[in-house]
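Report on the structure
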Amino acid sequence: SQQGEEDPQALSIQEGENATMNCSYKTSINNLQWYRQNSGRGLVHLILIRSNEREKHSGRLRVTLDTSKKSSSLLITASRAADTASYFCATDAKRDSNYQLIWGAGTKLIIKP
Amino acid sequence: KAGVTQTPRYLIKTRGQQVTLSCSPISGHRSVSWYQQTPGQGLQFLFEYFSETQRNKGNFPGRFSGRQFSNSRSEMNVSTLELGDSALYLCASSFGVLGGALNTEAFFGQGTRLTVV
């Protein structure tokens, strides 16, 4: 079963606007990562936030983590057409003493010119 | 630094056949993990290898297997292919093992798109 759930499932905004995506997960985590995927291609790592961190920035990206609510958000500021992609969160989940990455269903972001 | 390389990029196979996919990780990375991505199920973890040992396996039947070589390159094998195995198979490499307090980022290849007919 999916550990993470992103919402919204799809988001369409005008270029220049900010985009916010949310991720909720079920079990406790050590880390949460956000990835971007352009249409049917590989995943590009965006940012990793550890469970003891509350906020992290990388360029136009801002990620927050609320472990009490088991949720994270990804904010993309001043969006560009090139940001059109699907965005996924991934959390580490322990299975049989080892970890695996568990993925959300993704948010499809469309930036309109 | 070269990225993660997956070969082949595209593959068409017939039901009942078997297939082997290859993944070359980033130089120096010892962890390789595999994922299946389908429109219906999303991204599903298949397995992770670290220093030639399988560390973890997802909920996939025994038809899905893998291995890792001493140079960290990894192969994934699917035997007795079914139509439902049609998917994008993604490989990721990382310096350290997945998850946990020492987790490091996973870097993905472009994937192998497998179509079973």
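Residues numbered from 1 in each chain as written. Chains lettered and ligands numbered in written order. Predicted model: local features only at pLDDT ≥ 70, side-chain atom pairs only at ≥ 80, totals over all residues. Heavy atoms only, no water.

Once that is clear, we can look at the overall build of chain A. Scanning chain A from N- to C-terminus turns up 0 helices and 11 strands. Along chain A, helices (α) and strands (β) appear in the sequence β-β-β-β-β-β-β-β-β-β-β when read from the amino end. Taken over the C-alpha trace, chain A has a radius of gyration of 14 Å; the compact-globule value for 113 residues is 13 Å, and the two agree within 12%. Counting only C-alpha atoms and orienting by the principal axes, one finds that chain A spans roughly 45 × 30 × 20 Å. (Helix = DSSP H or I, 4+ residues; strand = E, 2+ residues; numbered from the N terminus. Rg over C-alpha atoms; globule rule 2.2 N^0.38 Å.)

It is worth spelling out the packing of aromatic side chains at this point. Across all of its chains, the model carries 8 aromatic pairs over all chains by this definition. Seen in terms of ring centroids, Tyr35(B) and Phe45(B) are 5.8 Å apart; in terms of plane orientation they differ by 65°. Their pairing is edge-to-face. Of this pair, Tyr35(B) sits in strand β4 (residues 31–38) while Phe45(B) sits in strand β5 (residues 42–50), and the two are 10 residues apart along the sequence. Phe45(B) gets classed as buried once you look at its relative accessible area, which sits at 4%. Members of the aromatic cluster, joined through ring pairs, are Tyr35(A), Trp103(A), Tyr35(B), Phe45(B) and Phe108(B). (Phe/Tyr/Trp six-rings, centres within 6.5 Å; stacked < 30°, edge-to-face > 60°. Buried < 20%, exposed > 50% of the residue type's maximum accessible area, 1.4 Å probe, protein only.)

All names here are of chain A. If you walk through the whole model with that rule in mind, you get 2 disulfides over all chains. Note that Cys23 is cross-linked by a disulfide to Cys89, the S-S spacing being 2.0 Å. On the sign convention where negative is left-handed, the bridge of Cys23 and Cys89, at about 65° about the S-S bond, is right-handed. In this pair, Cys23 sits in strand β3 (residues 19–24) while Cys89 sits in strand β9 (residues 85–95), placing the two residues 66 residues apart along the sequence. By relative accessible area, which is 0% here, Cys89 ends up buried. (Disulfide = S-S within 2.5 Å.)

Moving on to the sheet that holds strand β1 (residues 5–7) of chain B. Residues and elements named next belong to chain B. Strand order in the open sheet made by the 4 strands is β1-β3-β8-β7, with antiparallel pairing throughout. With partners counted over all chains shown, the strands left at the sheet margins are β1 and β7 (64–68), one partner each. Each adjacent strand pair in this sheet contributes to an overall mean axis angle of 15°, direction not counted. As judged from the 5 bridges shared by β7 and strand β8 (residues 74–78), these two strands associate in the antiparallel manner. Looking at the pairing, Gly66 lines up with Met76 of β8. (Pairing = 2+ DSSP bridges. Axes fitted to C-alpha atoms, helices over the stretch in contact; angles between N-to-C directions.)

It is worth spelling out the sheet that holds β3(A) at this point. All names here are of chain A. With antiparallel pairing, the 5 strands of this open sheet are ordered in space as β1-β3-β8-β7-β6. With one partner strand each, in any of the chains shown, β1 (5–7) and β6 (55–58) form the two edges of the open sheet. Taken pair by pair, the neighbouring strands of this sheet meet at an average axis angle of 15°, ignoring direction. Pairing analysis gives 4 bridges linking β6 to strand β7 (residues 61–66), with the strands arranged antiparallel.

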